[in-house]
Amino acid sequence: MKEKVKRYASPILGLAGAFVVLCGFMAVPYIILGIVEGIRGEEYAPDVIPVQTGYIIIDLAKLMSALVICSSVKKNTGKRFWQSVGFRDFDILLPIMIFLLKWSLNELFDTLDGLVLSHFMEIEPNSASFEGILGVISSVICAPIFEEIIFRYGGAELSKGTYPMWIVCIANGLVFGAVHMYNIQGFINVFFTGVLFMWIYCRTGNILYSIIPHLINNALCYIPFEDITLFGEPCYRDVNGFILGSSWWLVINGVIFIGAVVYMIKVFPKRHGENYYRNSCISQ
């Protein structure tokens, strides 16, 4: 039986409200700089706001946006966030395989799009380094939790009964890629991640299955793979700003990708056969 869900307000307003809060908090440093420059009558260096303070502002913005999403979902559907945190019958292998699929797919596609696009353009490298303990907390703990609540939990719960799942997944990937403000290679990478994580949430209804792979991914970003040499080749090389994987690195990730795809085709449907998004839609 399909779950009956009654909407009390526009789901679009809930998502828009969360992004307004997110943008508002993120703009705080620039507002402060503008005030300082107005008082001084001259341009003031942006590093007047310490990096650590920036992490706190970013995390507060994401926290407030996540709270707006949770409130909007509760108001629109009557569902509480904790109902999407499933510890019972939790499949510990699934988030690991999701991460391996996401990681290997991105590594392979980064090289593919890099090989093509580097012939036509030159780009600036992505800058997403996080310093100190607050940087680690921000990227490895806060970002996976708050971003999954905003994009996956909010995106799916506020779209049920309104849009088909494939549209929700693609739209989520586009928005998720755009808000990270990376270069074109980074955008494509994050786009695929957003689509995959949204698909997983739509199928399982368990936010832990996207939070954990997100957390693992961000933690591994601290490993300097560009300095690691494999069979005489560095894992990565730079061509016009695009990051390309070495031949051995691609072989390794190709094997991982095939194994993860086999798991998702053969094992995943048997363990998670129900489609949460479809089965909980509003009866029209």
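Before reading further, recall that the structure is shown in the block above.
Residues numbered from 1 in each chain as written. Predicted model: local features only at pLDDT ≥ 70, side-chain atom pairs only at ≥ 80, totals over all residues. Heavy atoms only, no water.

Glancing now at the packing of aromatic side chains. Evaluated as defined, the whole model comprises 15 aromatic pairs. Each ring, one from Phe-187 and one from Phe-191, has its centre 6.5 Å from the other, and the planes form 20 degrees; the classification is stacked. Taken together, the residues span about one helical turn, with Phe-187 and Phe-191 both in helix 7 (residues 184-204) at a distance of 4 residues. Assessed through its relative accessible area of 18%, Phe-191 is described here as buried. Taking 5.4 Å as the distance between ring centres and 45 degrees as the angle between the ring planes, the aromatic pair formed by Phe-225 and Trp-249 counts as tilted. Of this pair, Phe-225 sits in the loop between helix 8 (208-220) and strand 1 (229-230) while Trp-249 sits in helix 9 (residues 247-266), and the two are 24 residues apart along the sequence. We note that Phe-225, like Trp-249, is buried. Here a set of aromatic residues connected by ring pairs shows up, and it is made of Phe-99, Trp-103, Phe-225, Tyr-236 and Trp-249. (Phe/Tyr/Trp six-rings, centres within 6.5 Å; stacked < 30°, edge-to-face > 60°. Helix = DSSP H or I, 4+ residues; strand = E, 2+ residues; numbered from the N terminus. Buried < 20%, exposed > 50% of the residue type's maximum accessible area, 1.4 Å probe, protein only.)

Counting through the fold element by element, Phe-109 comes out in helix 4 (residues 93-117). Residues Phe-109 and Asn-189, spaced 80 residues apart in sequence, show a C-alpha to C-alpha distance of 7.7 Å. Discounting chain neighbours no more than four positions away, the residues touching Phe-109 are Gly-114, Ile-188 and Phe-192. (Contact = heavy atoms within 4.5 Å.)

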